[in-house]
Amino acid sequence: MSRPISHVVFALTALFFLFFFALPIGETLSGAFRQPGGGFTPAYLVEVFRNPIYLEGLWNSVQMAVFSTALTLAIALPLAFLTDRFLFPAKNLFSALILVPMILPPFVGAIGVKQILGQEGALNALLASLGLENPAHPIDWLGASRLGGVVVMNALHLYPILYLNLVAALANVDPAMEEAAENLGCTGLRKFRKITLPLIMPGLFAGGTIVFIWAFTELGVPLMFDYQRVTSVQIFSGLKDIGGNPFPFALVAVMLVSTVVLYALSKMLFGRASHAMMAKATSQGGPRAIAPLPAWACTAFFACVTFLAVLPHIGVVLVAFSRDWYGTILPDGWTLDHFRAALGHDLTLPSIQNSLKYASLATLVDLVLGVGIAYVVTRTRLPGRELLDAMAMLPLAVPGLVLAFGYLAMTQPGKLFAFMNPAIDPLMILVIAYSVRRLPYVVRSAAAGFQQTSVTLEEAAQNLGCPPFRALRKITLPLIAANLMAGGLLAFSFAMLEVSDSLILAQKQQDFPITKAIYELYQLLGDGRFIASALGVWAMGFLGVTILGASVILGRKLGAIFRV
Amino acid sequence: MISISVENLVKKFDENVALNGVTFRIEPGEIFFLLGPSGCGKTTLLRNIAGFYIPDSGRILFGEDDVTRLPPHKRNTGMMFQSYALWPHLTVAQNVGFGLVERKIPRAEITGRVASALESVKMAPYAARRIAQLSGGQQQRVALARALVIRPRALLLDEPLSNLDAKLRLEMRIEIRRVCKEYGLTAIYVTHDQKEALSISDRMAILDGGRIAQIGGPQAVYRRPQSKTVADFIGETNFIEGKILESQPGSARVETPLGVFDGIVSDPGWQPKPGESATLSVRPECWRIETARPTRNAAAGRIGESIYLGEVAQYQFDTPAASLKILELNPDLARRPQDRELYATADPDDVVILRK
């Protein structure tokens, strides 16, 4: 790319971010401070902090985020450590399955969880049949603590993000660092705490931050658990009367500021020191073989976590195939009716079409923007390119709900982007919303590709008469195709699973994407959950193939995509 | 065949001045070397000529064309990169044919020209191979063929032999010179290997700190270095400090702690005055060791450490004032007793007098 083109790319991406990232956030924030007749007022914000219901919601959201992150870490850290250090049976199988928990359309998973852990669910039925429980007074596993349920669901859903970061970080630790500690008499847990943990802190922080923000702003799971007293759900409920009610705006503002404050706070506490590894690894690390007993223990641990993580999936699949399932261990009978009903419902086929359309267009936008941004950041010396890089990563740090809300506000009649009003046709704004949220994955993978591909390959082409832009297309892009495909696949998968934008911006039935269709189907009386599950199974199968493809292409580098 | 002129080229990276007013002219068909220690600006200069850097000021002319701001793909130069920059996703033939495809040459002609280019570097049997299946030397030949097949106005070589082993390097040196002369190419060759420069260049420029220290043919640069930097960088030498006794145009007599020496003043811009400080540069192979005191240009001393290398021997010749490095061809160490005083002497023609 020549300098003028780089400038144009820079300007266009900057403009894109200004309009579709800064502006919606600004809209959301300003909505929180605008009086009915115009003019500034802090009254709504103050009211948020006075109203005990909103305060409780905020406190619950913080708890949800903290506990989810802690539980995620408790799951991911041992797993990552075992993977990094030891060889054990079926290790490759579990490594390949690691992303499976992520391909769960979030609230479909909750259906599965309820089916298994609910009062009339499979677990209670199992316990009763074993005589461990009185069937007349079943234990309410989920109702006992809605917060607990949401936290467990979040952790089982999100641990792969942290796991991938930790595995990558552990692989970067020079084994000699630990050997030096051992040589000086520091071993075991003490060595882990004093040497290993500080060295992997950047990876831990990077993954932990994403998990934290994800959990703090999660909408789908608490909605399914009917957990009303969290900020995200309160915002969602407040939507129904967006025209007049300023409180959703005020809540969103509070959520955004809290996210930033919590992020800054955690960065101060944990993310400060990034110890660059100075020396080259002197000894070859790598996992080592261990005795059969501990090896099988590792396998059992992995199997256990994976089983728990895919329990919702199993639940969903069983629900989707079951004639009826109430108070028994396994469904009473099997049927394909729900798949037929799901496909036959007039919501379904259009929603699949819509989702494919939105997600592929968004992926296309992401690829174009992502390659442009990654190119400017890695290959040019334009002033301000670091800013562009940071900007491209920011969507990871901003709650989906905040952006979704901003998009809604900025497309209201009378605004600059009224022509994109989702009430008329949500295509443009949804594609933009999806692509902004998923852009970081594509930028990261494209940048990694550019960094691994020598500039001289492109220069050689230019020297032989190939104009810069064509040199990029003919030489570098084919060489980084694998990175782009992997990034694109992830962007596509997560766009298909997107909740916040989908629920808020798709307002007419014919525009619903698949996630909102599942949500609507679930609310049908009678066999709603069966039909929703059937549709969820379809989505899971589809995304499973996509993510498996991405992990095969990217291998270990997959972890690098989930970094802030 | 074109000439290449560089006029007053200045290139800065932030505060670092990489090129500080470089001027020279390369004649059509000449093999011109850019030589210097790492960080001297030689690769920066080459990249300016290729178009990958735009200079802050100054001009670059290909013949009469001002190409200073022309983008690289319009300059029609063939460049060989230090890393070869062969594309791993294309075959050998596709790599070589790339520039021709860009020039929209008919397919049939491309096939023919690629075949003959591969033939000329003895790589024809490997046309269908992938780059990863080639050895270092083979990759280097493909890179050369790729740069030549487009019939460039000029061939630019950026340390093309630095990744090869010594034997292959020797072979490829001769190959590159043969090909350049055969195609009648104006070539610019960047290296830090002085042997490479001395053996195949027509002329060379020695760069130091972003400036040209000296331009000349291999013999001129080696035998008549005009500064201490050049004398030190090209080949080995003995520096002896002294004071000018008397001088004529082009020559002078210098008094040193080792004795009085007659020599050549190589820098045409310097007419030394009696009493001025000067440095003598005498190459190790220019010394002869005598048993009887020569009439002039002699230093008395004893042989210290000696290293026998077969065709030559390397002596450390200890005088009361300094220790000299001396090379003797076809040595017979038995004739060189270490316990008696000997004399080292050099022809006035081999003694170069430099500004201190």
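All names here are of chain B. The pairing of strand β16 (residues 298–308) with strand β19 (residues 342–345) spans four bridges and is classified as antiparallel. Residue pairing across strands places A299 opposite A344, the latter belonging to β19. Here five bridges tie β16 to strand β17 (residues 312–318), and the two strands are oriented antiparallel to one another. Along β17, the bridge assignment pairs S306 with Y315.

Attention now goes to the nonpolar core. In terms of nonpolar packing, the biggest core is built from 149 residues, with F20(A), Y163(A) and Y407(A) touching the most fellow members. Counting 83 residues, the second-largest nonpolar core is a separate cluster that includes F33(B), M80(B), L100(B) and I176(B).

Turning our eyes to something else, we now look at the interface of chain B and chain A. The interface is formed by 22 residues belonging to chain B together with 17 residues belonging to chain A. Both faces combined, the contact of chain B with chain A buries some 1,800 Å², and carbon together with sulfur accounts for 60% of it. Together, H73(B), H89(B) and E102(B) form the three largest contributors to the area buried by chain B at its contact with chain A, with a combined 32%. Joining chain B to chain A, the criterion identifies three salt bridges. A salt bridge links K474(A) to E102(B), with the nearest nitrogen and oxygen atoms 2.9 Å apart. Seen at the junction of chain B and chain A, the total is nine residue pairs in polar contact (both at pLDDT 80 or more).

The next thing to look at is empty space enclosed by the protein. Residue and element names in this part refer to chain A. Per the counting criterion, the structure on display carries two cavities of 30 Å³ or more. There is about 410 Å³ of room inside the largest cavity. In the lining of the largest cavity, the residues fall into 15 nonpolar, five polar and four charged. Here the second largest cavity is characterised by a volume of approximately 30 Å³. If you go around the second largest cavity, the residues you meet are P101, L104, M153, L156, H157, A309, P312 and H313. Those elements that provide at least two residues to the lining of the second largest cavity are α7 (146–172) and α13 (292–321). Considering only residue class, the lining of the second largest cavity consists of six nonpolar, two polar and no charged.

All names here are of chain B. Alternating positions in strand β6 (residues 77–80) separate into two faces, T77 and M79 on one and G78 and M80 on the other, with burial throughout. Sheet analysis places β6 next to strand β7 (residues 154–158), joined by four bridges and oriented parallel. Residue pairing in the sheet places T77 in a bridge with A154 of β7.

This paragraph deals with the packing of aromatic side chains. Inspection of the entire model under this criterion finds 20 aromatic pairs over all chains. Pairing F16(A) with F17(A) gives two aromatic rings, centres 6.3 Å apart and planes at 85°, and the pair type is edge-to-face. You can call F17(A) buried: its relative accessible area is 3%. Ring centres 4.4 Å apart and planes at 50° place the aromatic pair W87(B) and F98(B) in the tilted group. Highlighted residues: W87(B) in the loop between β6 and α2 (92–102) and F98(B) in helix α2, separated in sequence by 11 residues. The class for W87(B) is buried, based on a relative accessible area of 0%. Assessed through its relative accessible area of 4%, F98(B) is described here as buried. Grouping aromatic residues by their ring pairs yields a cluster made of F16(A), F17(A), F19(A), F20(A), F21(A), F417(A) and F419(A). The side chain of R47(B) reaches across the aromatic face of Y53(B), ending 4.8 Å from its centre. R283(B) extends its terminal NZ or CZ atom over the ring of Y222(B), reaching a point 4.1 Å from the ring centre.

Below, the discussion takes up the environment of R151(B). Residues and elements named next belong to chain B. Here R151 is to be found in the loop between α4 (136–148) and β7. Sequence spacing of R151 and T77 is 74 residues, and the spatial spacing of their C-alpha atoms is 8.4 Å. Contact partners of R151, with chain neighbours within four places excluded, come to N76 and R113.

Structurally, Y126(B) is set in the loop between α3 (107–120) and α4. Taking C-alpha positions, Y126(B) is 6.9 Å from V92(B), a pair spaced 34 residues apart along the chain.

Turning our attention to the domain arrangement of chain B. Residues and elements named next belong to chain B. In terms of domains, chain B is made up of domain 1 (4–228) and domain 2 (236–355). Taking only C-alpha atoms into account, the centre of domain 1 sits 38 Å from that of domain 2. Contacts between the two partners involve eight residues from domain 1, matched on the other side by 14 residues from domain 2. Of the roughly 1,000 Å² buried where domain 1 meets domain 2, counting both sides, 46% is carbon and sulfur surface. Considering only the side of domain 1, the residues that lose the most area to domain 2 are Y222, R224 and K228, jointly responsible for 58% of the buried surface there. The interface formed by domain 1 and domain 2 holds four salt bridges in total. Note that D349 is salt-bridged to R224, the shortest N-O span being 2.7 Å.

What counts, and at which threshold
Residues numbered from 1 in each chain as written. Chains lettered and ligands numbered in written order. Predicted model: local features only at pLDDT ≥ 70, side-chain atom pairs only at ≥ 80, totals over all residues. Heavy atoms only, no water. Pairing = 2+ DSSP bridges. Helix = DSSP H or I, 4+ residues; strand = E, 2+ residues; numbered from the N terminus. Core = buried A, V, L, I, M, F, W, Y, C linked by side-chain atoms within 4.5 Å. Buried < 20%, exposed > 50% of the residue type's maximum accessible area, 1.4 Å probe, protein only. Contact = heavy atoms within 4.5 Å. Buried area = accessible area lost by both parts, 1.4 Å probe. Salt bridge = Lys/Arg side-chain N within 4 Å of Asp/Glu carboxyl O. Polar contact = N/O pair within 3.5 Å; in protein donor to acceptor, adjacent residues only side chain to side chain. 1 Å grid on protein atoms, 1.4 Å probe; cavity = no way out; pocket = protein on both sides within 12 Å on 5 of 7 lines; lining within 4 Å. Points joined across faces, edges and corners; volume = space filled by probe spheres on them. Nonpolar A, V, L, I, M, F, W, Y, C, P; charged D, E, K, R; others polar. Phe/Tyr/Trp six-rings, centres within 6.5 Å; stacked < 30°, edge-to-face > 60°. Lys NZ or Arg CZ within 6 Å of the ring centre and 35° of its normal. Domains from an automatic or database assignment.

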